[in-house]
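# Descriptive structure summary
Given next are the chains, with one letter for each unit.
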Amino acid sequence: MEQGQLDNIRHSFAHLLAAAVKELFPQAQLGIGPVIEDGFYYDFALLAEADLSKIEEKMRQIARKNLAFKKELWPALKATQYYKKEKQPFKLELIKELSQGKKPASTKATTDKVGMVWTGKLFLDLCRGGHVKNTKELPLDAFKLTRVAGAYWKGDEKNPMLTRIYGAAFSTKKELASHLTMLEEAERRDHKKLGPELGLFTFSDLVGSGLPLFTPKGTIIRRTLTDFVERLNRENGFEEVWIPHLAKPDLYKISGHLEKFQEDLFRVKGKGGEFVLKPMNCPHHIQIFQSQLHSYRELPIRYFQTTTVYRDEQSGELAGLTRVRSITQDDGHVFCTEEQIPQEFALNLKIQKELVAAVGLKEYWIRLSLRHPKNKKAYLGSDTVWSTAQRQMEDLLKKEKVPYRIAEGEAAFYGPKMDFMAKDSLGREWQFSTIQLDFNLPKRFGLEYTAQDGSRKTPVMIHRAFMGSVERFMAMLIEHYAGAFPFWLAPEQLWIVPVSDKFLPYAEKIAQELKGFRINVRRENETLGKKIREGEMQKIPYLLVVGEKEQTSNTISVRQRGKGDLGSMKPAEFLKKLSQEALPPQ
RNA sequence: GCCGAUGUAGCUUAGUGGCAAAGCAAUGGUUUUGUAAACCAUGUACGGCAGUUCGAUUCUGCCCAUCGGCUCCA
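Bear in mind the structure is a predicted one, so any value in this text is a computation, not a measurement.

Quick notes on the rules
- Residues numbered from 1 in each chain as written.
- Chains lettered and ligands numbered in written order.
- Predicted model: local features only at pLDDT ≥ 70, side-chain atom pairs only at ≥ 80, totals over all residues.
- Heavy atoms only, no water.
- Helix = DSSP H or I, 4+ residues; strand = E, 2+ residues; numbered from the N terminus.
- Polar contact = N/O pair within 3.5 Å; in protein donor to acceptor, adjacent residues only side chain to side chain.
- Contact = heavy atoms within 4.5 Å.
- Near = heavy atom within 4 Å.
- Nonpolar A, V, L, I, M, F, W, Y, C, P; charged D, E, K, R; others polar.
- Salt bridge = Lys/Arg side-chain N within 4 Å of Asp/Glu carboxyl O.
- Buried < 20%, exposed > 50% of the residue type's maximum accessible area, 1.4 Å probe, protein only.
- Axes fitted to C-alpha atoms, helices over the stretch in contact; angles between N-to-C directions.
- Parallel < 35°, antiparallel > 145°, perpendicular 65-115°, else oblique.
- Left-handed = near helix turned anticlockwise from the far one by under 90°.

## Remarks on the side chain of Gln88
Note on placement: Gln88 falls in the loop between α3 (76-86) and α4 (89-102). A polar contact is formed between the side chain of Gln88 and the backbone nitrogen of Leu30, at a distance of 2.7 Å. At 3.5 Å, the side chain of Gln88 and the backbone oxygen of Glu86 are in polar contact. Contacts of Gln88, omitting those with residues within four sequence positions, involve Lys22, Ala28, Gln29, Leu30 and Tyr83.

## Some words on the protein's contact with RNA strand B
Every one of the 47 residues lining RNA strand B counts as a neighbour, but Tyr152, Ser315, Asn525, Lys530 and Glu550 are closest to it. The sugar-phosphate backbone supplies 43% of the atoms of RNA strand B found within 4 Å of the protein. Ser557 places a side-chain nitrogen or oxygen 3.4 Å from a base oxygen of RNA strand B. Contacts to RNA strand B include Arg559, whose side-chain N or O atom sits 3.0 Å from a sugar or linking oxygen. At the level of secondary structure, the elements contributing two or more residues to the surface near RNA strand B comprise β7 (143-152), β8 (161-169), α16 (528-537), α17 (548-553) and β27 (556-560). A per-class count over the surface near RNA strand B returns 14 nonpolar, 13 polar and 20 charged.

## Topic: the pattern of salt bridges
Side-chain pairs of opposite charge can arise whenever the charged atoms involved come near each other. Taken as a whole and judged by the stated rule, the model has 34 salt bridges. Among the ionic pairs, Arg522 bridges to Glu524, the shortest N-O distance being 2.7 Å. With relative accessibility at 37%, the residue Glu524 sits in the partly exposed group. Residues joined in a network through salt bridges with shared partners are Glu93, Glu97 and Lys154.

## So, the packing of helix α7 (residues 216-235) against helix α11 (residues 341-358)
Interhelical geometry of α7 versus α11 gives an angle of 150 degrees and a closest axis separation of 10 Å. Between α7 and α11, the interaxial angle falls into the category roughly antiparallel. In the packing of α7 onto α11, the handedness of the crossing is right-handed. Counted together, Phe228, Val229 and Leu232 of α7 and Ile351, Glu354, Leu355 and Ala358 of α11 form the full contact between these two elements.

See below:
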C-alpha cells in the first residue's frame, strides 16, 4: 500500500478516536490529531478518564456505522462561531492562526476558508483533509490504542498539558502484528533490562537517579572500549591530559555556559566560595593550552581525555544509560590554524570510522550541520572561513564515501559540525558522536599563537568525541548485540565447565594454558546441563567442557555461543582460533 | 520540571484492613553428573515518612525511585 493511503487510514482513525472520545466524554476539548510514524494520536483536555479499551470499543462501534468522511470549506468566521459554541478553545486558536497565517495583518482574514471534515453526521473536525472515503474502508483489525501520555499544547511547556492518546495503525492485521512483535523484540533487547540481568550496571536510590554504578563485568566493557579509543587517539597524535572535576564559576562565566545552563549545573560549596562540577571539559582543556605560549610550529595541538562531566538533567528525562547525570566523554580538543581545519576533520573522521567498524555498527550516517544560508550574520566567525570550512567538510564526506545528510541552519552559532547517527533496536536514531568546529571559545578566552611573521593570531578549536557519552554508547551496544557481545568485548570470554568435580584439576590446568583471557572455571556442584544453560543465558562466547574423555586425550570440547557444540580440540588449536577474534575487527 | 502508570525477598510474580504465598537465585547437605533447570533442608520482602484506624503492606497525603510520553539536551 502507498504511504499516502496508509496516512489516510491513520488520519481517519485519529478522527474516529476524537469522535469516540466526544461520544464518551462530551465535555472533552480537542487539540490536534496528526499521523505519526507507526500510527496516530489525538490530544484532549478535560478528559475524565482514559480507558483505552473502552474508547477503542467505541471507535469500532462508530466505524461499523459506515460513516462517510466529507470535507467542506467553511469561512473562518463560521468555523469560529461553531467552535465558540462548542467551547473548543484550542480549535479557535488554530483557526485564528490558519486565517492569519494566510493573510497577515489583513481584515479579510476572516473570509478565508478552513477545512471542516464530517464523519457521517456524527462528528465534525477542523482538518485540512486526507481521509478514506468511508469508515467501512478502515481495517478494524489493524489498529490498537497503545498508550496515554501528557503533552503540552503546541509542544510548549508554558502551555497547558493535554492528554494524548496514541494508536498504532496499519493497513493489515499482519502488519500490526509484526509491528507489535518488533516492539516486543525491542523490549527484550532493552539495555535497561539486559544490563541488570547480565550484571553490567545498577542504580541505587541512595546514590541518586541518573547516576549509574558499573559492576566488575560492566566495567570490563567500559574499560575495553575506552582503552581501544584511547589507543586510537594516541596513535593519531592526540596527547592525554587530566583535569579535576570542579572549577570556579568564573571559568564558565567566561565560556558562557554559566549563563546558558545555570539551571543544569551542580554547585558545590567550598570554604572559600562556590565551585561548579564541570558540565564540560573544553574550558579546562583551554586552560592547559593557555598555560604556555604557543608557536604556529606546534599546531595542531591535540588533547584528549576520558572523563566524566555532570549535568543536572530534568528528572523526567533520565532513562537508563542513555540519559544520565554523570556522563563520561571520550573528549578531545584540537587547537589549530584555519588552514589546518580540513586535515584535522579528516583525521578525526578516520578515527571515527575505525571505531564504528570495530564495534560493528552497520547502520549509521552523518548529519552535517551547516549555517543558515540566509542568515549568515547570526554566526560567529568570518564569512569566508565558514563557507570554506563547510565546503571542505562536505568534500571530505564525499571523498570518504560516508552517507550524510545536510542539515541547513542546524549549525551552532559558533561553528559547523558533523554528528554521527546510528539506529538502535527500537528503530530510533540517536546521535552518538560529534566533530565540531568552534570559532567562539578561542575568542572568549583570548587564545593566541605566534604566527610565522611574529604576529599573534587566534587559533580555531575542534571539539570531538567518538563514543560521545560512554554510558549511552554502551546502551547502544547492549541493544545492538542484544547482550551477546563479540569476544573482545565480552566481560566473561570463556567458561571452563568440568563434567564433575573429579575433573576440576584438569579444568584448572586448561585455565592455565589459556591464561590471558577472561576465564571463569565453573566449580559449582551442579549438573553439566545446568551450567551450560547458565552459560547460554549469560551469553558467554565459549563454553569449554572437560571430562574423562578430554582429560585422557588432553583436549577440550568447545561449545560456541549461537553455534552449539564444535567438538573437541587441543587447547593450542583453540588458541589459534581465538587469535582471530581476540581483537576488535580492523 | 510537567502528565500518567507503577513500586511485595537478589530476580519473576501471588495476595490481604487482622501471623504475607510461591518459583528461580542464595546458603547447608546429598548426588559425581556429558551439552539449556538433579534431590532434600534453610533464611530473607510489602520503597520512605506522616495521617485515618483498636490494628495499615492494603485507605489518604507528601517524598523517593522506575517506566511511557511531553519539554530540554553544551
